[in-house]
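So you can see what is in the structure, the chains are spelled out below.
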Amino acid sequence: TCALPIFLIGSPRYDDLVKAKTIDEGFVLAKFGVGVGYQKGAPKPRIDTPEALKATLLAAKSLVGLPFDNGSIGTETMIGFRKLGIGDQMIPKYKFVLNGASVVQSIAKGEAELGFSVFADLAGSTEIAYAGPYPSEVQTYVDVHASSRIGGPSEAAGREFLQFVRKNATPDLLRASWLLPGGN
């Protein structure tokens with residue numbers, strides 16, 4: 001067997017690894033954005049327009065998601081709050097957790113009314129309900145870069161495999177995994 005030196009990674013870690021010449025620049029395979037989850041059995045929150053999302057967020061007593069300074073989905077969550085003009089109002093009711101699985105657990109346990117993470121974490125969960133993504137006017141995206149490690153005995157095999165992925169990662173396949181097509 002051969003371990004392939006490939007990375008599927010989002011910013012800012014991607015930028016750091018390229019700058020350090022650890023990985024090549026690769027390509028953008030896909031992108032993901034902010035999704036909103038809520039507790040099963042609760043009424044589905046309205047988030048389909050910026051106005052509806054803003055009203056829902058202002059009415060919510062508790063929120064959970066990743067840190068706003070993580071350079072990924074937590075940052076994108078706060079960008080959405082700011083686009084709605086309510087960033088400062090969300091901070092006191094927002095609980096920080098380390099990852100999407102923790103967001104799901106917090107919602108499932110009733111520790112938060114609404115949770116924010118990548119689409120796949122929330123939409124793919126059987127423990128909570130998925131309200132949907134941020135409305136397009138509020139949504140921002142994080143690119144998923146496909147790159148290979150520079151140097152090492154399997155570098156060529158890694159690059160070849162990534163070209164296979166690039167060729168076969170159809171929009172339908174990406175959407176089935178709760179990702180959106182990137183610039184591949």
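This text goes with the structure placed above it.
Residues numbered from 1 in each chain as written. Predicted model: local features only at pLDDT ≥ 70, side-chain atom pairs only at ≥ 80, totals over all residues. Heavy atoms only, no water.

### Describing the nonpolar core
Reasoning step 1: By size, the foremost hydrophobic cluster in this structure holds 43 residues, and its most contacted members are Leu57, Leu63, Phe81, Leu114, Phe116 and Tyr134.
Reasoning step 2: When residues in this core are grouped by element, the largest group, 7 residues, is from strand 2 (residues 27-38).
Reasoning step 3: Among the nonpolar cores identified, the runner-up in size contains 5 residues, and Ile9, Leu17, Val18 and Ile23 belong to it. (Core = buried A, V, L, I, M, F, W, Y, C linked by side-chain atoms within 4.5 Å. Buried < 20%, exposed > 50% of the residue type's maximum accessible area, 1.4 Å probe, protein only. Helix = DSSP H or I, 4+ residues; strand = E, 2+ residues; numbered from the N terminus.)

### Some words on helix 3 (residues 73-83)
Reasoning step 1: The element helix 3 is largely enclosed, with a buried count of 8 among its 11 residues.
Reasoning step 2: Those residues of helix 3 that fall on the buried side of the exposure criterion are Ile73, Gly74, Thr75, Glu76, Thr77, Met78, Gly80 and Phe81.
Reasoning step 3: Two residues or fewer past helix 3, Gly85 is found with a positive phi of approximately 80°.

### Let's talk about the environment of Leu57
Reasoning step 1: By the element assignment, Leu57 lies in helix 2 (residues 50-59).
Reasoning step 2: Distance from Leu57 to Asp69, taken between C-alpha atoms, is 20 Å for residues 12 residues apart in sequence.
Reasoning step 3: Leu57 has contacts with Leu63, Phe81, Leu84, Ile86, Met90, Lys93, Leu114 and Phe116, leaving out every residue within four places of it along the chain. (Contact = heavy atoms within 4.5 Å.)

### Examining the pattern of salt bridges
Reasoning step 1: In the structure shown here, the tally under the stated rule is 5 salt bridges.
Reasoning step 2: Two residues, Asp24 and Arg159, come together in a salt bridge whose shortest N-O distance is 3.7 Å. Residue Asp24 is found in the loop between helix 1 (13-19) and strand 2, and its partner Arg159 is found in helix 7 (residues 155-168); the two are separated by 135 residues along the sequence.
Reasoning step 3: Residue Asp24 is classed as buried on the basis of its relative accessible area of 15%.
Reasoning step 4: Taking the relative accessible area as the measure of exposure, Arg159 reaches 37% and is therefore partly exposed.
Reasoning step 5: Salt bridges here are not isolated pairs; linked through shared partners, they connect Asp24, Glu155 and Arg159. (Salt bridge = Lys/Arg side-chain N within 4 Å of Asp/Glu carboxyl O.)

### A look at the side chain of Ser147
Reasoning step 1: With respect to the helices, strands and loops of the structure, Ser147 is situated in strand 7 (residues 141-148).
Reasoning step 2: Given the relative accessible area of 0%, Ser147 is considered buried.
Reasoning step 3: For Ser147, the side chain forms a polar contact with the main-chain oxygen of Asp24, separated by 3.3 Å.
Reasoning step 4: Here Ser147 is in contact with Pro5, Ile6, Phe7, Tyr14, Ile23, Asp24, Glu25, Gly26 and Leu162, once residues within four sequence places are set aside. (Polar contact = N/O pair within 3.5 Å; in protein donor to acceptor, adjacent residues only side chain to side chain.)

### Quick notes on a nonpolar patch on the surface
Reasoning step 1: A cluster of nonpolar residues, Leu4, Phe161 and Phe164, forms a patch on the protein surface that exposes about 270 Å² of accessible area.
Reasoning step 2: By the secondary structure assignment, Phe164 is in helix 7. (Patch = residues over 30% accessible without salt bridge, like charges linked within 9 Å, V, L, I, M, F, W, Y side chains within 5 Å. Areas by Shrake-Rupley, 256 points an atom, 1.4 Å probe, with all protein chains shown as cover.)

### Some thoughts on the packing of aromatic side chains
Here a ring pair, both rings aromatic, is described through the centre-centre distance and the interplanar angle of the planes.
Reasoning step 1: Using the criterion set out here, one finds 9 aromatic pairs in the structure.
Reasoning step 2: Between the aromatic rings of Phe68 and Phe81, the centroid separation amounts to 6.2 Å while the plane-to-plane angle is 85°, which identifies the pairing as edge-to-face. You can see Phe68 sitting in the loop between strand 3 (63-65) and helix 3 and its partner Phe81 sitting in helix 3, a full 13 residues away along the chain. Judged on exposure class, the residue Phe68 and its partner Phe81 are both buried.
Reasoning step 3: Aromatic rings pair up to connect Phe68, Phe81, Tyr94, Phe96, Phe116 and Tyr134 into one cluster.
Reasoning step 4: In this structure, Lys31 is placed above the aromatic ring of Tyr141, and the distance from its NZ or CZ to the ring centre is 4.5 Å. (Phe/Tyr/Trp six-rings, centres within 6.5 Å; stacked < 30°, edge-to-face > 60°. Lys NZ or Arg CZ within 6 Å of the ring centre and 35° of its normal.)

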